[in-house]
Amino acid sequence: MIRATPQLHWLALLLTVGTLAACGNPVVVSPGAEEPVVRAYLYAGEPVTDIQLTKTVPISTVDSAAAVAAPPINDARVALVRGGVRYALTRAPGDSGYYQYLGRDLVIREGDTFTLEASVGTGTLTARTVVPVRPSGARVATATLTIPRIFFGGSPGGMRPDLSAAQTVVRGTRTPGALYFVTLENTELAPVAIDFGLPERLRGRRRLVFPPTAADSLPINALGLPFLGRYRVNVWRVNEEYAALYNTLNQDSRDLNEPFTNITGGLGVFTAFAADTTSVTVVRQP
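All of the points below concern the structure found in this document.

Thresholds, definitions, all that
- What you see as residue numbers is a count from 1 along each chain, following the sequence as written.
- A pLDDT threshold of at least 70 governs which residues receive local features in this predicted model, and a stricter bar of 80 or more applies before side-chain atom pairs are shown or counted, although totals over entire chains, interfaces and linings include all residues.
- Processing note: side-chain calculations cover all non-hydrogen atoms of the structure and skip hydrogens and water entirely.
- Helix numbers and strand numbers start at the N terminus; a helix is a DSSP run of H or I with at least 4 residues, a strand a run of E with at least 2.
- Three labels apply to residues, based on accessible area from a 1.4 Å probe with only protein chains included: buried if under 20% of the type maximum, exposed if over 50%, partly exposed otherwise in between.
- Here, two residues are considered to be in contact whenever any of their heavy atoms come within 4.5 Å of each other.
- All accessible-area figures derive from a Shrake-Rupley calculation using a 1.4 Å probe, and residue coverage is judged against the displayed protein chains alone.
- Any two strands with at least two DSSP bridges between them are considered paired.
- Fitted lines through C-alpha atoms serve as axes, helices being fitted only where they are in contact, and the angles separating the N-to-C directions of these axes extend from 0 to 180 degrees.
- Polar contact is defined as a pair of N or O atoms within 3.5 Å, subject to the rule that within protein one atom must be able to donate a hydrogen and the other to accept it, and that residues adjacent in sequence are counted only when both atoms are side-chain atoms.
- Ring pairs are drawn from Phe, Tyr and Trp, using the six-membered ring of Trp, whenever the two centres fall within 6.5 Å, and their geometry is named by plane angle: stacked under 30 degrees, edge-to-face over 60, tilted for the rest.
- The nonpolar core is taken to be a set of buried Ala, Val, Leu, Ile, Met, Phe, Trp, Tyr and Cys residues, with the residues joined through side-chain atoms within 4.5 Å.

Brief notes about the overall build of the protein
Working step 1: When you go through the protein residue by residue, the secondary structure sums to 2 helices and 18 strands.
Working step 2: Buried residues in the protein amount to 47% of all 286 residues.
Working step 3: For the protein, the proportion of contacts with a sequence separation of at least 24, taken over those separated by at least 6, is 74%.
Working step 4: Roughly 14,000 Å² of accessible area belongs to the protein as shown, and the carbon and sulfur atoms make up 52% of that amount.

In structure tokens, the structure reads:
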């Protein structure tokens, strides 16, 4: 039986992200085998919190809810190594399979080379990544977006609301051939919801992730955001491993190839990102 990496298929459904470079070989697992799956992301300038280990599930469950409920691995010994210095990670609270670094002596810097090491049972996982250089020139065409007054029973005089003030464009200086993705994160302590029929998966979500693109701009419409208030806008440069993953995610259970992996001794992806930041604020029309 071929087994799928459920966390990666889940990423394809929820985030649809990626870039290109080091292509891996298809991973075939014998019937009944149980492989560890790594989803490990480092972000330049941010704490280490996004490293997760789970187990594989049969490919027949990839298109079901079980795919996002892969069994977590909570008893691994996980560490990051940079320049010969080893940083041991601690399991995050709960039954999630996440690991984090609680010390203050580890700063993720552009250009750093990291090795991920994890001991799972009697096996060992290893992977390597380089933190990319952040893009520059992140900016928005309009820093304040205005939600118009919308009358669901019909606008006065039959006029359609003007939506132009609710739209903007996120731009950044791009390197030809590279891929980028944009995240918007609401930073308000008690944000006020905007609910114009957003899909259930987006309601209440403070952080939105847009698909990767090679274009130098991304349109944003405030009517597609969940809250009023200020949003931190990050333009992330995508590393090689993430690119290769994205390029292999467009497949289903009929395909014979697994998504890209750069993990030795397991499946999944260990990669890094760096971002330039700007902001936008969403308000209601008086």
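This is not the end of the story, as more comes after the structure.
A look at the sheet that holds strand β9 (residues 113-120)
Sheet strands pair by backbone hydrogen bonding; their relative direction is either parallel or antiparallel.
Working step 1: If you trace the 4 strands from one edge of the open sheet to the other, you get β6-β5-β9-β10, paired in antiparallel fashion. Of all strands in the sheet, those bounded by a partner on one side alone are β6 (85-88) and β10 (123-130). When the angles between neighbouring strand axes are averaged without regard to direction, this sheet yields 20°.

Brief notes about the side chain of N239
Working step 1: As for its placement among the helices and strands, N239 is situated in the loop between β17 (229-238) and α2 (240-247).
Working step 2: Looking at N239, its side chain comes within polar contact range of the side chain of T129, at 3.2 Å.
Working step 3: Of note is the side chain of N239, whose polar atom sits 2.3 Å from the backbone oxygen of V130.

Focus on the packing of aromatic side chains
Working step 1: Counted by the stated rule, this structure contains 8 aromatic pairs.
Working step 2: Ring centres of Y43 and F273 lie 5.3 Å apart, and the angle between their planes is 25°; this geometry places the pair in the stacked category. On the criterion of sequence distance, the pair formed by Y43 in strand β2 (residues 36-43) and F273 in strand β18 (residues 267-284) is long-range, its members being 230 residues apart. This pair shows no difference in class: Y43 is buried, exactly as F273 is.
Working step 3: Measuring from ring centre to ring centre gives 5.7 Å for F181 and F273, while their planes differ by 90°; the resulting arrangement is edge-to-face. Here F181, found in strand β14 (residues 180-186), pairs with F273, found in strand β18; they are 92 residues apart in sequence, far enough to count as distant.
Working step 4: Residue F181 is classed as buried on the basis of its relative accessible area of 4%.
Working step 5: Classification of F273 by relative accessible area gives buried; the value is 1%.

Quick word on the side chain of D112
Working step 1: When you line up the elements, D112 lands in the loop between β8 (98-100) and β9.
Working step 2: On the basis of relative accessibility, which here comes to 9%, the residue D112 falls in the buried class.
Working step 3: Discounting residues that sit within four places of it in the chain, D112 has contacts with R82, V107, T129, V130 and V131.

A few points about the pairing of β2
Working step 1: Counting buried positions over the 8 residues of β2 gives 8, a clear majority of the element.
Working step 2: By the alternation rule, side chains of β2 split into P36, V38, A40 and L42 and V37, R39, Y41 and Y43, which are all buried.
Working step 3: Sheet analysis places β2 next to strand β3 (residues 50-55), joined by 6 bridges and oriented antiparallel. Within the sheet, the bridge partner assigned to A40 lies in β3 and is I51.
Working step 4: The hairpin turn running from β2 into β3, its antiparallel successor, is 6 residues long, and G45 in that turn takes a positive phi close to 80°.

A few points about the sheet that holds strand β13 (residues 167-173)
Working step 1: Reading across from one edge, β11-β13-β16 is the order of the 3 strands in this open sheet, with antiparallel pairing throughout. Unpaired on one side and paired on the other, β11 (136-140) and β16 (217-221) mark the two borders of the sheet. Going across the sheet, the axis of each strand differs from the next one's by a mean of 15°, ignoring polarity.
Working step 2: Both β13 and β16 contribute to a ladder of 5 bridges, which runs antiparallel. Opposite V169, over in β16, you have P219 as the bridge partner.

Side note on the nonpolar core
Working step 1: Counting 27 residues, the largest nonpolar core has L42, V48, I51, L53, V78, L80 and F270 as its most contacted members.
Working step 2: Contributing elements (two or more residues each) for this core: β2, β3, β5 (77-82), β9, β10 and β18.
Working step 3: Ignoring sequence-local partners within four residues, the contact set of V78 consists of I51, L53, Y87, A88, L89, Y99, L116, E117 and A118.
Working step 4: Ranked by size, the runner-up nonpolar core spans 25 residues in total, among them V182, F227, L228 and V235.

All quantities given are derived from atomic positions and should not be read as evidence of function.
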